[in-house]
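Chain residues, written in single-letter form:
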Amino acid sequence: MYSTAKNFRTYRTEEYKGGGNTSRGRVNYKSYFHENCGEENVYYKNNGYKSRLSQFQEDDGNTAMSDIQKDLHPRHNLSTTDDNNRKVARDNKDLIHITEWRDGNHQMRNMNKNEPGCKDRTFPMTKNKGPMPKYRTPSKREIEENGQNNIYGNWFKITIPYGRKYTKTWLLNSIQSKCSVHFTPVDFHYVRSQAHFFVKNSTTAFALKNVNYKIHDENNHQVRLFVKESAAPSSEQNKLKPEEIEQLKLAMKKRFDVSQKSLNLQSFRFDQDLMSHDIDMILNRRNCMSATLTVIEENFPELLSLNLCSNKLYQLDGLADIIPKAPQIKILNLSNNELKSLRQLDKIREMKLEELWLQGNPLYNNFSNYSTYMSAILDYFPKLLCLDGKDVTHSMDVETGASEILKPSKKNHGVSEMLKNLVLQFLEQYYSIYDCGDRSRLLDAYHDEACFSLTIPCNPKELVPLSLYKYSKSNRNMKNCKDHVLLTQLLKHTKRDVVDFLRVLPKTQHDLSSFMVDICILTEKMLCFSVNGRFKEEVEATCPVILRAFTRIFIVIPASNSRLCIVNDTLTVSNACPKEIQSDVSIPARAPSSIPVPTISQEQQAMVQAFSTQSGMKFNWSLKCLEQNDWNYAVAGQNFTLLKAEGKIPKEAFQQIS
Amino acid sequence: MGVHEAGQRPRMGDKPIWEQIGSSFIQHYYQLFDNDRTQLGAIYIDASCLTWEGQQFQGKAAIVEKLSSLPFQKIQHSITSQDHQPTPDSCILSMVVGQLKADEDPIMGFHQMFLLKNINDAWVCTNDMFRLALHNFG
């Protein structure tokens, strides 16, 4: 008897063990017991055994059964596929052992077989004031009667099926608004899709029972609510004795750094002080966590940083209670625990964390790379600055960075430096891939529904640039435009088509220093920028390098992995004017790492035009001359005349007489 | 006169909608600009933004002021090419390459980009970027 009972208990409770994973055993166990939890009818259909089980089932098998625990050595591994364990679980009769019937005290203690309370494999059907009928919500009379008998110590468990859909705050507020009695929820937690919490007295429970059918969510669905008697919640059970709490407080005070307002509870179970007083601070257990949080609330409410590293935490339900107790926590270290999914973070997402440590948790393996991991975490804590010791916001972080930058502000028309850098970085990356030869890597840069079009303008008065026809080889649509201008235009849609087409275009070498970029914020999530510049076209080794001029307009949106994603891309390619090729100084030289500042003003441009006409020099050379002479027209003119007389001005500076 | 591939009819009739809207806008714009650019206010709205040679101007009034104050009396635009694309939020991106001649100055190439949006059944320009061509003459 004792042994099977022992097995059952160990199988049920979460365990510390050296290695291995508890998940398998726990999942099996939970799914087995949880199928029908929360449904009144089901209690009725299946016999009371199962309901009894589910009543025991506190969050994640966390119900510690106090003294019994201490007696058990070694603790059994949940993941053992030991048939005995399963068998015991299914063997309802054994379960009955655990339930206290005769003994009016609900506490599940003293399960030695010598205990008079234990019965031997019979379901003790008492007729009168026996067990509370578990398969239906107790009536008021029953509650009162049994409350008097104090069978279950007046604790009631409230279950909201599908409670997982709602936030804790909304749920509790809604319930309170419909409930005639004020209640204090204890041990609020989610299990699977349900939400549960406990209340202490029967009047409250009865009042809550009446809330059922009264709450509607925003989709006008009813929120159901079931009340049943239960054992005390795990945080109440095995509450630490006052002297234990005192020791706990002392131990924690030693670990509190006043200057940093930080509390280091790393490997708290193995704290020397606690161990010497025989206090087992297993933080996974609700009672331990609850006691710890109470100490924090009373002694360190101004806490800023909490370190819970290496405490084998696999759920954060208990930790969630910290939010009202220490609202200023900004730094949380949960590294080297057993958190298996980011859903655990859901429970603490109201914490305004700036720094979070999660490495060393199994959940890390759910992500294929660091940036998906980081952006998933940012979903929970958008204000996070530092994750696992690494800065979260950096220049390529479009998500948080760009969305703020892109907000159109009334005063600031200009484009911020950060945005300019963002665009420049994008262009550098884009063109390095574009030029390197394998343009299929550009697939990542394009949105699934991206559009791309290529336009080749040419003036019929000039010789049709035959060389440009290689761009139009694949083009079948030759459009006729007015003014008898030959125009080749192609529109590609979907990133696959776009990139396939880009790969066909000739190999290029873009001259980043020639880039002139204009940026325009369209909306909070859309950015448009145009690039004017030059590139060299390398067709074959033997052919001379051809210089092309291009204009490219990109419309981009921020993508989930901190990148920019192209939705529109238009390219115009024309022959770079041969005269232009000579002059390397068109506009003040720009370093590749900076976006060119706006060029000459309208007045200056007019000046250059005039100078150009008068001197006979090309626009750019006139510009250069004027700049070198501080835009003093007269002085520039004098210097020009001087230099020209000395023959120091190269022939190509002058406009060719056509 | 145009060049068609053998057997292909000119696709004037079945142009995609963004091309129709884009090209008629372009035509309208340069006609206005060349004849009386002070009338251009009609195509902009208060949220519009013009980037003229790198300088930004916001709002219908500021834009019209800038365009009106450009230092030339006569202006003539000649479009070499235009290209239109639909954007994900149902706007139209139009890119224009062409040449312009202001007063008696030499011909210069230019590039211009428009972003058109449908507001209350009328197409207005929300963004406008203009640059003179440096590397080619349009």
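Bear in mind that the values here come from a model prediction, so they are computed numbers and not experimental data. (Residues numbered from 1 in each chain as written. Chains lettered and ligands numbered in written order. Predicted model: local features only at pLDDT ≥ 70, side-chain atom pairs only at ≥ 80, totals over all residues. Heavy atoms only, no water.)

**Here's the deal with the overall build of chain B**
And then number 1: Scanning chain B from terminus to terminus reveals two helices and six strands.
And then number 2: From first element to last, N terminus to C terminus, chain B shows the α and β order α-β-β-α-β-β-β-β.
And then number 3: Here chain B holds 138 residues, and the buried ones make up 54% of them.
And then number 4: For chain B, long-range pairs separated by at least 24 residues make up 47% of all intrachain contacts whose partners lie at least 6 apart in sequence. (Helix = DSSP H or I, 4+ residues; strand = E, 2+ residues; numbered from the N terminus. Buried < 20%, exposed > 50% of the residue type's maximum accessible area, 1.4 Å probe, protein only. Contact = heavy atoms within 4.5 Å.)

**Some words on the sheet that holds strand S4 (residues 92-102) of chain B**
Residue and element names in this part refer to chain B.
And then number 1: On the basis of which strands lie adjacent, the open sheet formed by six strands has the order S2-S1-S6-S5-S4-S3 and mixed pairing. Lying at the two open borders of the sheet, with one neighbouring strand each, are strand S2 (55-58) and strand S3 (75-86). Averaged over all neighbouring strand pairs, the angle between strand axes comes to 20°, with direction disregarded.
And then number 2: Examined bridge by bridge, strand S5 (residues 108-119) and strand S6 (residues 122-132) share 10 bridges and lie antiparallel to one another. Considered in S6, the bridge of isoleucine 119 is made with alanine 122. (Pairing = 2+ DSSP bridges. Axes fitted to C-alpha atoms, helices over the stretch in contact; angles between N-to-C directions.)

**Describing the pattern of salt bridges**
And then number 1: Summed over the entire model, instances satisfying the criterion amount to 16 salt bridges over all chains.
And then number 2: Taken together, the shared-partner salt bridges in this structure form one network comprising Lys168, Asp187, Arg286 and Asp321 of chain A. (Salt bridge = Lys/Arg side-chain N within 4 Å of Asp/Glu carboxyl O.)

**So, the pairing of S2 of chain B**
And then number 1: Bridge count between strand S1 (residues 44-52) of chain B and S2 of chain B: four bridges; the pairing is antiparallel. Its bridge partner lying in S2 of chain B, threonine 51 of chain B is registered against glutamine 56 of chain B.

**With respect to helix H23 (residues 619-628) of chain A**
And then number 1: Along H23 of chain A, seven of the 10 residues are buried, which leaves the element largely enclosed by surrounding structure.
And then number 2: Along H23 of chain A, the residues classified as buried are Phe619, Asn620, Trp621, Ser622, Leu623, Cys625 and Leu626 of chain A.

**Observations concerning the packing of aromatic side chains**
Residue and element names in this part refer to chain A.
And then number 1: According to the stated counting rule, one finds 33 aromatic pairs over all chains in the structure shown.
And then number 2: Taking the centre distance of 5.7 Å and the plane angle of 80° together, the rings of phenylalanine 426 and phenylalanine 529 count as edge-to-face. Of the two residues, phenylalanine 426 is situated in helix H19 (residues 417-436) and phenylalanine 529 in strand S18 (residues 526-537); the sequence distance between them amounts to 103 residues.
And then number 3: Here tyrosine 430 and tyrosine 431 contribute two aromatic rings whose centre-to-centre distance is 5.3 Å and whose plane-to-plane angle is 80°, an arrangement assigned as edge-to-face. (Phe/Tyr/Trp six-rings, centres within 6.5 Å; stacked < 30°, edge-to-face > 60°.)

**Focus on unusual backbone geometry**
And then number 1: For aspartate 278 of chain A, which is not glycine, the phi torsion reads 65° and is therefore positive.
And then number 2: Checked against the element boundaries, aspartate 278 of chain A lands in the loop between helix H12 (272-276) and helix H13 (286-299).
And then number 3: Unusually for a residue other than glycine, glutamate 53 of chain B sits at a positive phi of about 50°.
And then number 4: Tracing the backbone shows glutamate 53 of chain B in the loop between S1 and S2.
And then number 5: For glutamate 53 of chain B, a relative accessible area of 7% translates into the label buried.

**Focus on the side chain of serine 262 of chain A**
Residue and element names in this part refer to chain A.
And then number 1: Structurally, serine 262 can be placed in strand S8 (residues 262-264).
And then number 2: Owing to a relative accessible area of 17%, serine 262 belongs among the buried residues under this scheme.
And then number 3: Other than its neighbours up to four places away in sequence, serine 262 contacts Arg255, Phe256, Asp257, Leu303 and Ser305.

**Things to note about the environment of isoleucine 158 of chain A**
Residue and element names in this part refer to chain A.
And then number 1: Considering the arrangement of structural elements, one finds isoleucine 158 in strand S1 (residues 155-160).
And then number 2: For isoleucine 158, a relative accessible area of 0% translates into the label buried.
And then number 3: With 40 residues separating them along the chain, isoleucine 158 and phenylalanine 198 place their C-alpha atoms 5.9 Å apart.
And then number 4: Those residues in contact with isoleucine 158, other than ones at most four positions away along the chain, are Ala195, His196, Phe197, Val199, Leu208, Leu225, Phe226 and Val227.

**Things to note about the environment of alanine 207 of chain A**
All names here are of chain A.
And then number 1: Position of alanine 207 among the secondary structure elements: in helix H10 (residues 202-209).
And then number 2: Between the C-alpha atom of alanine 207 and that of histidine 182, which follows or precedes it by 25 residues, the distance is 9.2 Å.
And then number 3: In contact with alanine 207, not counting residues within four places along its chain, are Cys179, Ser180 and Val181.

**Overview of helix H2 (residues 60-68) of chain B**
Residue and element names in this part refer to chain B.
And then number 1: Three or more residues of H2 are buried, namely Ile63, Val64, Lys66 and Leu67. Looking straight down H2, one finds that the buried residues subtend no more than 160° of arc, so they occupy a single side. Set apart from the buried face of H2 by more than 90 degrees, the exposed residues are Ala61 and Glu65. (Arc of directions from axis to C-beta.)

**Quick word on the sheet that holds strand S7 (residues 256-257) of chain A**
All names here are of chain A.
And then number 1: A sheet is described by the order of its strands in space; here seven strands give the open sequence S7-S8-S9-S10-S11-S12-S13, paired in mixed fashion. The sheet terminates laterally at S7 and strand S13 (390-391), the two strands that pair on one side only.
And then number 2: As paired elements, strand S12 (residues 386-387) and S13 share two bridges and run antiparallel to each other. When the bridges of S13 are listed, leucine 387 appears paired with lysine 390.

Honestly, it's all geometry; don't read function into it.
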